[in-house]
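Reading the structure
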Amino acid sequence: MIIVSACLYGVNCRYDGKSSENAKIINAFKEDQIILVCPEELGGLKTPRTPCEIYKGTGKEVLNGLCKVKSSKGEDFTSYFIKGAEETLKIAKTFDVKKAILKSKSPSCGLNTIYNGDFDKTLVKGNGVTAQLLINNGIDVITENEIDEY
Ligand code: SF4
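Quick notes on the rules
- Residues numbered from 1 in each chain as written.
- Predicted model: local features only at pLDDT ≥ 70, side-chain atom pairs only at ≥ 80, totals over all residues.
- Heavy atoms only, no water.
- Helix = DSSP H or I, 4+ residues; strand = E, 2+ residues; numbered from the N terminus.
- Buried < 20%, exposed > 50% of the residue type's maximum accessible area, 1.4 Å probe, protein only.
- Contact = heavy atoms within 4.5 Å.
- Polar contact = N/O pair within 3.5 Å; in protein donor to acceptor, adjacent residues only side chain to side chain.
- Near = heavy atom within 4 Å.
- Nonpolar A, V, L, I, M, F, W, Y, C, P; charged D, E, K, R; others polar.

- The name an unreviewed UniProt entry assigns to the protein is DUF523 domain-containing protein, from the organism Clostridium algidicarnis.

Below is the structure:
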């Protein structure tokens, strides 16, 4: 079984109430091969919701208590993002998941690049909170951008 960011499979769970449907992933994986997760909803956030970014840091630093996840209004949503990551890891362990395909650039799901916290579309190196926690626990994480190589 493979964990997939639910928005990539057409679920309208993004902050703006839309999806990031990706035909490559839908065509490549059948429903019985995947477990759809939205860490931000699993963390208790509503959809739609105020957009959030990791503020001046990465998922690794969020998990180590060194920086926060903030909304575009400056609210601290860190605890929701950590809970969402922990719930996703719980699902991964329950179903012995070894791989995850997550949505790029997201403060939860992003891999290698994420937004910098200024909500100005600037990207910095780093992983989202959920991506980092899965990696820390030995799960192979890729994004929709690597799916051709999968
Ligand atoms: S990127 Fe991740 S947290 Fe954001 S909507 Fe998609 S599944 Fe949910």
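1. Quick notes on the side chain of Thr 78
- Along the chain, Thr 78 falls in helix 4 (residues 78-94).
- On the basis of relative accessibility, which here comes to 11%, the residue Thr 78 falls in the buried class.
- Apart from residues no more than four positions distant in its own chain, Thr 78 is found in contact with Val 62, Cys 67, Lys 68 and Val 69.

2. Comments concerning the environment of Arg 14
- Tracing the chain through its elements places Arg 14 in the loop between strand 1 (2-5) and helix 1 (23-28).
- When the C-alpha positions of Arg 14 and Leu 123 are compared, they lie 19 Å apart, and in sequence the two are 109 residues distant.
- Setting aside residues no more than four positions away along its own chain, Arg 14 makes contact with Cys 7, Ser 19, Ser 20, Thr 47, Pro 48 and Arg 49.
- A polar atom in the side chain of Arg 14 sits 2.5 Å from the side chain of Asp 16.

3. Things to note about the site of the ligand
- Inspection of the region around the ligand gives 14 residues, with Cys 7, Cys 38, Glu 40, Lys 103 and Cys 109 positioned closest.
- Its residues placed into classes, the shell around the ligand shows seven nonpolar, three polar and four charged.

4. Structural notes on the side chain of Asn 116
- Looking at the secondary structure, you find Asn 116 in the loop between strand 6 (113-115) and strand 7 (123-125).
- Accessibility expressed as a relative area gives 12% for Asn 116, which makes it buried.
- A polar atom in the side chain of Asn 116 sits 2.9 Å from the backbone nitrogen of Asp 118.
- With residues up to four places along the chain from it excluded, the contact list for Asn 116 reads Glu 53, Ile 54, Tyr 55, Lys 56, Thr 122 and Val 124.

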